[in-house]
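# Per-entry structural report
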Amino acid sequence: MSDLNWPLMKDNLTLSDRVKMASFCLSSNRFTNGPKVRKFESKWSEWLGSKHSLYVSSGSTANYLLLSSVKELYGLKDGDKVLVPANTWVTNVGPVIQLGFTPIFCDVNLQNFSFCEEDLEYIAEKHPDIKLIFITHLIGYPANRNKYSELFPNAILLDDVCESHGCKNPDGTKVGSNSLGSTFSFYFGHHISTIEGGMISTNNYDLYDLMRIKRSHGLARESEKFQTYIDKYPEISKQFMFVTDGYNFRNTELCAVLGMSQLKRLDRYIERRNKNYLKFISLIKKYSKHFLVPEYDDFVSNFCFPILCKKNETSHFLKKEFDKNGIEYRPIIGGNLLRQPFLKNYGIETKKEKLNVDFIHDNGIYLGNNHFIGGKEIELLDSILGQL
């Protein structure tokens, strides 16, 4: 990474972060899930505007734990249909399959990379029995969840906000604040980092309590209603009483210390990312002969710079130039996930002959955006695009 002029992300741990972690290590005698984790969860809930939050080992385990708990609490069955986008991170889709659901894949749109609403209407007619919609708010763009709720009034809606901390609903609240369940990732390249880590937020107390239990092996002692279980199962040792299936998805006190330190800067980071994104949008508009211009409004919390080339040869040219100039890049998340070996036996529900997700797969690239990006990087990008 040190050889790159423009990496996806630079070291996001400040000296202050490191001092706080070092001080904690020198003064604490507890490092596994404990009071610092609970304090971080509380601080995150306060920032987001949600009643309950649960800190876990990653955004991926957050997705799995949320889906598993919703399945149990709401009595969903193996084979029940879950609507997912064809372009998302793979561990948004993986848990759907691992937990025995049937994924229904929908094409995405080219403005905010969420569901294609034309195809959603078709799917709503063909699959009126969809039980759950797992919405991805991809790379900082808030999805139109109100429309999805209108089309599928009986479905449960969950929100993957792993790459989009702070993006907003139409009423100005943060996405995830009013959700049955929303997930967030604190991986290295995201808006804030706890090195590895994720969070689930909910306003449903029973779901929150069940997720607490499942996060730690299914142990009743993790429940805030522990005494209820003791009274119900007096013949079972209260130390090792397992009341449901579970996992070890816990995180550590040390990472929670880092999370609280970074959380104080999150609003500032989002502001910087969005200022960078506005400059990027201006640049893409300047060369709109070659590129589609993605959505921008005050509800975005930008994760990266998505470049949608109108022609595939433009994409190939840019990749060569990015390699030559030390600019790190990626596909736009998984591209068409159904072209990946893992999902090659699935199909996308559509009447269209050409899929937006294939256009993204073939012509899409993203560059890193974060609080380290400035005028130098934008000027470098301008000089490359100017060669087209």
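The present account deals with the structure reproduced in this document. All figures in this text were calculated on a predicted structure; none of them were measured in a lab.

Rules behind the numbers
- By convention here, each chain's residues receive numbers from 1 onward along its written sequence.
- Only residues with pLDDT of 70 or above have their local features reported here, since the model is predicted, and side-chain atom pairs are shown and tallied only from 80 upward, although totals for entire chains, interfaces and linings are computed over all residues.
- The basis for every side-chain value is the complete set of heavy atoms in the structure, and neither hydrogens nor water enter the calculation.
- Any Lys or Arg side-chain nitrogen found within 4 Å of a carboxyl oxygen on Asp or Glu counts as a salt bridge.
- Strands here are runs of E lasting at least two residues and helices are runs of H or I lasting at least four, both read from the DSSP assignment and numbered beginning at the N terminus.
- Categorising residues by exposure relies on relative accessible area from a 1.4 Å probe, with only protein chains included: less than 20% of the type maximum marks a residue as buried, more than 50% marks it as exposed, and the intermediate range marks it as partly exposed.
- DSSP calls a pair of strands paired once it identifies at least 2 bridges connecting them.
- Helix span, as expected, comes to 1.5 Å for every residue beyond the first.
- Between N or O atoms, a polar contact is any pair within 3.5 Å; within protein, one atom must be a potential hydrogen donor and the other a potential acceptor, and residues adjacent in sequence are included only when both atoms are from side chains.
- Crossovers are described as right-handed under a simple rule: with the strands pointing away from the observer, the path leading from the first strand over the helix to the second runs clockwise.
- Whether two residues touch is decided by their heavy atoms; if any such pair falls within 4.5 Å, the residues are in contact.
- What makes a nonpolar core is a set of buried Ala, Val, Leu, Ile, Met, Phe, Trp, Tyr and Cys residues whose side-chain atoms join them at distances within 4.5 Å.

## Digging into the pattern of salt bridges
Summed over all chains, the structure comprises 19 salt bridges. Across the salt bridge formed by lysine 352 and aspartate 107, the nearest N and O atoms sit 2.8 Å from each other. You can see lysine 352 sitting in the loop between β10 (329-330) and α12 (356-363) and its partner aspartate 107 sitting in the loop between β3 (102-106) and α5 (117-126), a full 245 residues away along the chain. A salt bridge links aspartate 206 to lysine 225; the shortest N-O distance between them is 3.4 Å. Placement of aspartate 206 in helix α7 (residues 205-215) and of lysine 225 in the loop between α7 and α8 (226-232) is noted, with a sequence separation of 19 residues between them. We classify aspartate 206 as partly exposed; its relative accessible area is 41%.

## Here's the deal with the sheet that holds strand β9 (residues 304-309)
Spatially, four strands are ordered β8-β9-β11-β10 in an open sheet, and the strand pairing comes out antiparallel. Lying at the two open borders of the sheet, with one neighbouring strand each, are β8 (291-292) and β10. With two bridges connecting them, β10 and strand β11 (residues 364-368) associate as antiparallel partners. Each residue of the ladder has a partner; that of tyrosine 329, found in β11, is leucine 367.

## Here's the deal with helix α3 (residues 59-73)
An ideal rise of 1.5 Å per residue puts 21 Å on 15 residues; α3 measures up with 21 Å between its terminal C-alpha atoms. For α3, the buried fraction is high: twelve of the 15 residues fall into the buried class. Among all positions in α3, only Gly59, Thr61, Ala62, Asn63, Tyr64, Leu65, Leu66, Leu67, Ser68, Ser69, Val70 and Lys71 are buried. At the N-terminal end of α3, a side-chain oxygen is found 3.2 Å from the backbone nitrogen of serine 60, two or three residues along, and the residue is serine 58. Backbone geometry just downstream of α3 places glycine 75 in the positive-phi region, at approximately 65°.

## Here's the deal with the pairing of β3
By the criterion of burial, β3 is predominantly enclosed, with four of the five residues buried. Sheet topology places strand β2 (residues 81-85) next to β3; five bridges connect them, and they run parallel. Counted as the bridge partner of leucine 83 is isoleucine 104 from β3. Between the parallel pair β2 and β3, the chain is carried across by helix α4 (residues 90-98), and the sense of this crossover is right-handed.

## Observations regarding the pairing of β2
A regular strand carries its side chains on alternate faces of the sheet. With five of its five residues buried, β2 lies for the most part within the structure. Judged by which residues are buried, β2 turns out to be covered on both faces: Lys81, Leu83 and Pro85 on one side and Val82 and Val84 on the other are all buried. Looking at chain direction, β2 and strand β4 (residues 132-136) are connected through two bridges and run parallel. Within β4, the residue paired with leucine 83 across the bridge is isoleucine 133.

## Details of the side chain of serine 201
Counting through the fold element by element, serine 201 comes out in strand β7 (residues 198-202). According to the relative accessible area criterion, serine 201 is buried, its value standing at 0%. Of the polar contacts made by the side chain of serine 201, one reaches the side chain of tryptophan 44; its length is 3.3 Å. Those residues in contact with serine 201, other than ones at most four positions away along the chain, are Trp44, Leu48, Ser50, His52, Ser53, Leu180, Gly181, Ser182 and Phe184.

## Thoughts on the nonpolar core
Of all hydrophobic cores here, the largest spans 70 residues; its most connected members are Val70, Leu132, Ile139, Leu158, Leu318 and Phe322. If one sorts the elements of this core by residue count, α3 sits on top with six residues. Residues in contact with phenylalanine 322, not counting those within four places in the same chain, are Ile307, Ile327, Tyr329, Ile365, Leu367, Leu381 and Ile384. Membership of the second largest hydrophobic core comes to 20 residues, among which are Val161, Val175, Cys255 and Met260.

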